[in-house]
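Single-letter residue listing:
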Amino acid sequence: MASLSCAVDQLAPLFGPNTTNATAIAQYICGRFTVVSDTFSDTNNAVNSTYLLFSAYLVFVMQLGFAMLCAGSVRAKNTMNIMLTNVLDAATGGLFYYIFGFAFAFGTGSNGFIGHSFFGLRGIPTMDFDYSNFLYQWAFAIAAAGITSGSIAERTQFVAYLIYSAFLTGFVYPVVSHWFWSPAGWASASNTGNLLFGSGVIDFAGSGVVHMVGGIAGLYGALIEGPRIGRFEKSSKKSGLRGHSATLVVLGTFLLWFGWYGFNPGSFNRILVAYGTRSNYGQWSAVGRTAVTTTLAGCTAAITTLFAKRLLTGHWNVTDVCNGLLGGLAAITAGCSVVEPWAAIICGFVAAAVLIGCNYLAERLKFDDPLEAAQLHGGCGAWGVIFTALFATERYVNEVYPGRPGRPYGLFMGGGGRLLGAHMVQILVIFGWVSVTMGGLFLFLHKLKLLRISKEDELAGMDLTRHGGFAYVHEEEDSKVHNGNSRYGTEEIF
């Protein structure tokens, strides 16, 4: 917001030579102007901070969505375990992101690879960062950890959850967010002095930074652990090991969808910014447009999945529709602020196809991910990164990322291929970084026998063996397949 200004030496002569104490009058008037200007500036900062805090609250609600979605997607005997891991993702992530993560991600005076200030929020607030920025970014960090927990559900030791969550939120994710979101990041679109391919990476709300990181981490965790017992056994009538509650899946999906309106529109960080191209037009309009593109991508992916799965399986499956919707939302996250609403429909349609294709490939390769998290967030997130490089418009790119005229934009919109090149680099470096860090961590835990639980505990269910009892009384569909072989005196449940 432009500030009001008043200069005594310019104002005093305007009162004329016959005005008594013209200088004193000018000083008084300019003093009032200063007070008004400061009030406007403080109000502007307060509105923007409140907007960011409200967005952070919405993103945090997504943790409840993850918890409900995960609980509904696993079997009843593991409900308490998966709920506890979601709680601890937030709690562990909060401490480690406070101590290390925010500094690695957004520390000022940093190099292109990693930040090195603001440890423990020391030095906050500054002109660029306030406590609201930390809260918002923490909510993003724990979202990445929540994605991973779904991939390794129902067979992972509790200590492994704590270790990977701390490492992911305290180091792995912050480094990636520094690369693409910090003004000092080597591939950041905000680093106008050193843009990758003259454009930087436009990953506005994190199809790559959040969803690919969480999805690829989950991919390695699930690969190294292997599938759940009975998942691909031909003799099992229910080899899919379906989740026990479609109700919780739908509830979790709606909570995640609701939270996405903080995830995507909130990523502007500020709302009171005038673009200056015409009156009554500014970032508040871009925020609304971003909410619309987010909505359209999710809706299109849901409808596409509904009919595609009906043709493939003969059923109208609510769980598949929910996953399809989330895949569309994950895909639009990168380009939600820089594409037209009609392009979001294309994004959602292709995202549904990507998810169905990834799930088919996972089934063929006997890859077991109870929540389809690696396929959904990794696959659809990668598509979202590519989609942005194809459909980002020149006008919106220059409005959302000002300060660099002639910046490349979407290939299909006439902007050339440099943005696509930058985004392909993003996909490759995220895959490589997460492979080395999280893949290495899961392999290390596996070698130390700290990753997967025992066969006996897995069959009995972790609620009983690790958490003192079941979440609630529930009879599994296949609970009578095995009888009385557990040391816990219960039936073994697939």
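Residues numbered from 1 in each chain as written. Predicted model: local features only at pLDDT ≥ 70, side-chain atom pairs only at ≥ 80, totals over all residues. Heavy atoms only, no water.

K.L.:
Kindly report on the packing of helix 4 (residues 131-151) against helix 5 (residues 158-181), identifying the contributing residues and their values.
P.N.:
Helix 5 packs onto helix 4 with a crossing angle of 125° between their chain directions and a minimal axis gap of 9 Å. In terms of orientation, helix 4 lies oblique with respect to helix 5. Read as a crossing pair, helix 4 and helix 5 show a hand that is right-handed. Note on element contacts: helix 5 touches helix 4 through Tyr161, Tyr164, Ser165, Leu168, Thr169, Tyr173 and Trp181, opposite Gln137, Phe140, Ala141, Ile142, Ala144, Ala145, Thr148 and Ser149. Residues of the contact of helix 4 with helix 5, tallied by class, amount to ten nonpolar, five polar and no charged. (Axes fitted to C-alpha atoms, helices over the stretch in contact; angles between N-to-C directions. Helix = DSSP H or I, 4+ residues; strand = E, 2+ residues; numbered from the N terminus. Parallel < 35°, antiparallel > 145°, perpendicular 65-115°, else oblique. Left-handed = near helix turned anticlockwise from the far one by under 90°. Contact = heavy atoms within 4.5 Å. Nonpolar A, V, L, I, M, F, W, Y, C, P; charged D, E, K, R; others polar.)

K.L.:
How would you sum up a nonpolar patch on the surface? Please name residues and give values.
P.N.:
Judged by side-chain polarity, Leu95, Phe96, Tyr98, Ile99, Phe100 and Phe119 come together as a nonpolar surface patch covering roughly 520 Å² of accessible area. Relative to the helices and strands, Tyr98 is located in helix 3 (residues 79-106). (Patch = residues over 30% accessible without salt bridge, like charges linked within 9 Å, V, L, I, M, F, W, Y side chains within 5 Å. Areas by Shrake-Rupley, 256 points an atom, 1.4 Å probe, with all protein chains shown as cover. Salt bridge = Lys/Arg side-chain N within 4 Å of Asp/Glu carboxyl O.)

K.L.:
Requested: an account of the environment of Phe104, with residues and values cited.
P.N.:
In this structure, Phe104 sits in helix 3. Setting aside residues up to four positions removed in sequence, Phe104 forms contacts with Ile114, Gly115, Phe119, Gly170, Phe171, Pro174 and His178.

K.L.:
Could you give an account of helix 7 (residues 246-263), naming the residues involved and the relevant values?
P.N.:
The end-to-end C-alpha distance of helix 7 is 25 Å, a good match for the 26 Å that 18 residues give at a rise of 1.5 Å each. The set of residues buried in helix 7 consists of Leu248, Val249, Gly252, Thr253, Leu255, Leu256, Trp257, Gly259, Trp260, Gly262 and Phe263. (Expected span 1.5 Å × (residues − 1). Buried < 20%, exposed > 50% of the residue type's maximum accessible area, 1.4 Å probe, protein only.)

K.L.:
Break down the packing of helix 5 against helix 13 (residues 418-447) for me, with residues and values.
P.N.:
One way to put it is that helix 5 packs onto helix 13 with a least axis distance of 11 Å and a crossing angle of 160°. Viewed along their axes, helix 5 and helix 13 adopt a mutual orientation that is roughly antiparallel. By crossing handedness, the relation of helix 5 to helix 13 is classed as right-handed. Contact residues: helix 5 offers Ala160, Ile163, Tyr164, Phe167, Leu168, Phe171, Val172, Val175, Val176, Trp179 and Phe180, while helix 13 offers Gln426, Val429, Ile430, Trp433, Val434, Thr437, Met438, Leu441, Phe442 and Leu445.

K.L.:
A description of the packing of aromatic side chains should follow, citing residues and the corresponding values.
P.N.:
Taken as a whole and assessed by the stated rule, the structure comprises 37 aromatic pairs. Here the aromatic rings of Trp383 and Phe387 are separated by 5.8 Å at their centres, their planes lie at 50°, and the arrangement is tilted. Linking Trp383 with Phe387, this pair stays in helix 11 (residues 373-391), spanning four residues, or about one helical turn. Residues Trp383 and Phe387 agree in their burial class; the two are buried. Ring pairing ties together the aromatic residues Phe96, Phe100, Phe104, Phe113, Phe119, Phe167, Phe171, Trp179, Phe180, Trp186 and Trp433, which thus form one cluster. (Phe/Tyr/Trp six-rings, centres within 6.5 Å; stacked < 30°, edge-to-face > 60°.)

K.L.:
For helix 13, give the residues involved together with the corresponding values.
P.N.:
For helix 13, with 30 residues, the first-to-last C-alpha span of 43 Å sits near the 44 Å given by 1.5 Å per residue. Backbone geometry just downstream of helix 13 places Lys449 in the positive-phi region, at approximately 60°.

K.L.:
How would you summarise the side chain of Ser73 if you had to cite specific residues and measurements?
P.N.:
Considering the arrangement of structural elements, one finds Ser73 in helix 2 (residues 22-73). Separated by 2.8 Å, the side chain of Ser73 and the backbone oxygen of Leu69 make a polar contact. Apart from residues no more than four positions distant in its own chain, Ser73 is found in contact with Gly243, Val249, Pro370 and Leu371. (Polar contact = N/O pair within 3.5 Å; in protein donor to acceptor, adjacent residues only side chain to side chain.)

K.L.:
A description of the pattern of salt bridges should follow, citing residues and the corresponding values.
P.N.:
Counted under the stated rule, the structure contains ten salt bridges. In this structure, the salt-bridge partner of Glu363 is Arg231, at a minimum N-O distance of 3.0 Å. Separated by 132 residues along the polypeptide, Glu363 in helix 10 (residues 341-364) and Arg231 in the loop between helix 6 (207-225) and helix 7 bring together distant segments of the chain. By relative accessible area, which is 41% here, Glu363 ends up partly exposed. When salt bridges that share partners are traced, they join Arg75, Glu154, Arg228, Arg231, Glu363 and Asp368 into one network.

K.L.:
Describe in detail unusual backbone geometry, supporting the description with residues and values.
P.N.:
Cis peptide bonds are those with omega within 30 degrees of zero, and the linkage from Ile124 to Pro125 qualifies with 5°. Checked against the element boundaries, Pro125 lands in the loop between helix 3 and helix 4. Positioned with a positive phi, Phe197 is a non-glycine residue whose angle comes to about 55°. Turning to its location among the elements, Phe197 is positioned in the loop between helix 5 and helix 6. Note on Phe197: relative accessible area 42%, which makes it partly exposed. Although it is not a glycine, Glu372 sits at a positive phi angle of roughly 55°. Among the structural elements, Glu372 can be located in the loop between helix 10 and helix 11.

K.L.:
A description of the environment of Thr300 should follow, citing residues and the corresponding values.
P.N.:
Summarising the element assignment, Thr300 is placed in helix 8 (residues 283-313). Sequence separation between Thr300 and Ala352 is 52 residues, and the spatial gap between their C-alpha atoms is 8.3 Å. If we ignore the near neighbours within four places in the chain, the residues touching Thr300 are Ile345, Gly348 and Phe349.

By themselves, these observations are geometric and do not establish any function.
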